[in-house]
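# Understanding the architecture of this molecule
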Amino acid sequence: MSSLPSSILPQELYLGSFAHARNFKIFEELNIGCVINCAREIPNHFQDGNIKYLKMELNDDTHFDLMPYFEKMIEFVSQFRENHSDKSILFHCASGCSRSASMVIAYLMKSKEWDCKTAYEYVKEHRNKIKPNEGFVECLLKFEKILYPNKDVPSLDIAKYHEY
């Protein structure tokens, strides 16, 4: 495992695992001021300090609906960025492959106005091991339809998802 989480947006947004989320030296080195904890089973580690947390009780299950969590997370991150533009944000789950990767993709879709495929490929380029489960990809495609209702077809073909 890499000693540091993956840099998705340099000096702004990182994607990692539970091991990164409990290593305070990483927080200091990367100037992390906010954590988006996407794992139901993993506690927040530094709540007594100056770190802001959003704990989302997400299960890595293909039937788990991420849709209700997207806007809450985006609002939380946007508000943090407005008030703490000098600090970075760590998204994590257990391994940084499915739940937290899906949330980062959703954040980029909204904040950068990217379609699902563009955001997915961008995150994959910066953290090759991502692999959102198929149910999460379906949620991301539903979110894409909400963000871009005039788009005729989804940007990702769920039947060919494993080829990406």
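Within every chain, residues take consecutive numbers counted from 1 along the sequence as written. Totals for whole chains, interfaces and linings use every residue, but because this is a predicted model, local features are given only for residues with pLDDT of at least 70 and side-chain atom pairs only at 80 or more, for both listing and counting. Processing note: side-chain calculations cover all non-hydrogen atoms of the structure and skip hydrogens and water entirely.

### Comments concerning the pairing of strand β2 (residues 13-16)
Within a regular strand, side chains alternate between the sheet's two faces. Where we set the bar: With a 1.4 Å probe rolled over the protein chains alone, any residue whose accessible area is under 20% of its type maximum counts as buried; one over 50% counts as exposed, and the rest are partly exposed. In DSSP terms, a helix is any run of H or I states spanning at least four residues, a strand is any run of E spanning at least two, and both are numbered starting from the N terminus. Pairing between strands is defined by DSSP: at least two bridges between them are needed.
Side chains of β2 alternate between two faces, with Leu13 and Leu15 and Tyr14 and Gly16 buried alike. Pairing of strand β1 (residues 6-9) with β2, which is carried by 3 bridges, proceeds in the antiparallel orientation. Along β2, the bridge assignment pairs Leu9 with Leu13. Turn length for the β1-β2 hairpin, with the two strands adjacent in sequence and antiparallel, is 3 residues, and the turn residue Gln11 shows positive phi of about 60°. Inspection of the sheet shows β2 paired to strand β5 (residues 88-92) by 4 bridges, in the parallel sense. Opposite Tyr14, over in β5, you have Leu90 as the bridge partner.

### Examining the UniProt feature "domain: Tyrosine specific protein phosphatases" (unreviewed entry) in the protein chain
Rule in force here: UniProt positions are given in the numbering used here, feature names are shortened, and annotations may be inferred rather than shown by experiment.
The UniProt record marks residues 71-127 with the feature "domain: Tyrosine specific protein phosphatases" (unreviewed entry), using the residue numbering of this structure. For residues 71-127, the helix share is 65%, the strand share is 9%, and the end-to-end C-alpha distance is 23 Å.

### Let's talk about the UniProt feature "domain: Tyrosine-protein phosphatase" (unreviewed entry) in the protein chain
Here the UniProt-annotated "domain: Tyrosine-protein phosphatase" (unreviewed entry) positions come out as residues 4-149. In this annotation, residues 4-149 is assigned 45% helix and 16% strand; the end-to-end C-alpha distance for the span is 37 Å.

### Describing the side chain of Ser88
Cut-off, in case you're wondering: The term polar contact refers here to a pair of N or O atoms within 3.5 Å; inside protein, the definition further demands a hydrogen-donor-capable atom paired with an acceptor-capable atom, and it admits residues adjacent in sequence only when both atoms are side-chain atoms. Residues are treated as being in contact if the distance between any of their heavy atoms lies within 4.5 Å.
In this structure, Ser88 sits in strand β5. At a separation of 3.5 Å, a polar atom in the side chain of Ser88 contacts the main-chain amide nitrogen of Ile32. Excluding its chain neighbours within four sequence positions, the residues that come into contact with Ser88 are Gln11, Glu12, Tyr14, Leu30, Asn31, Ile32, Gly33, Cys34, Phe80 and Arg81.

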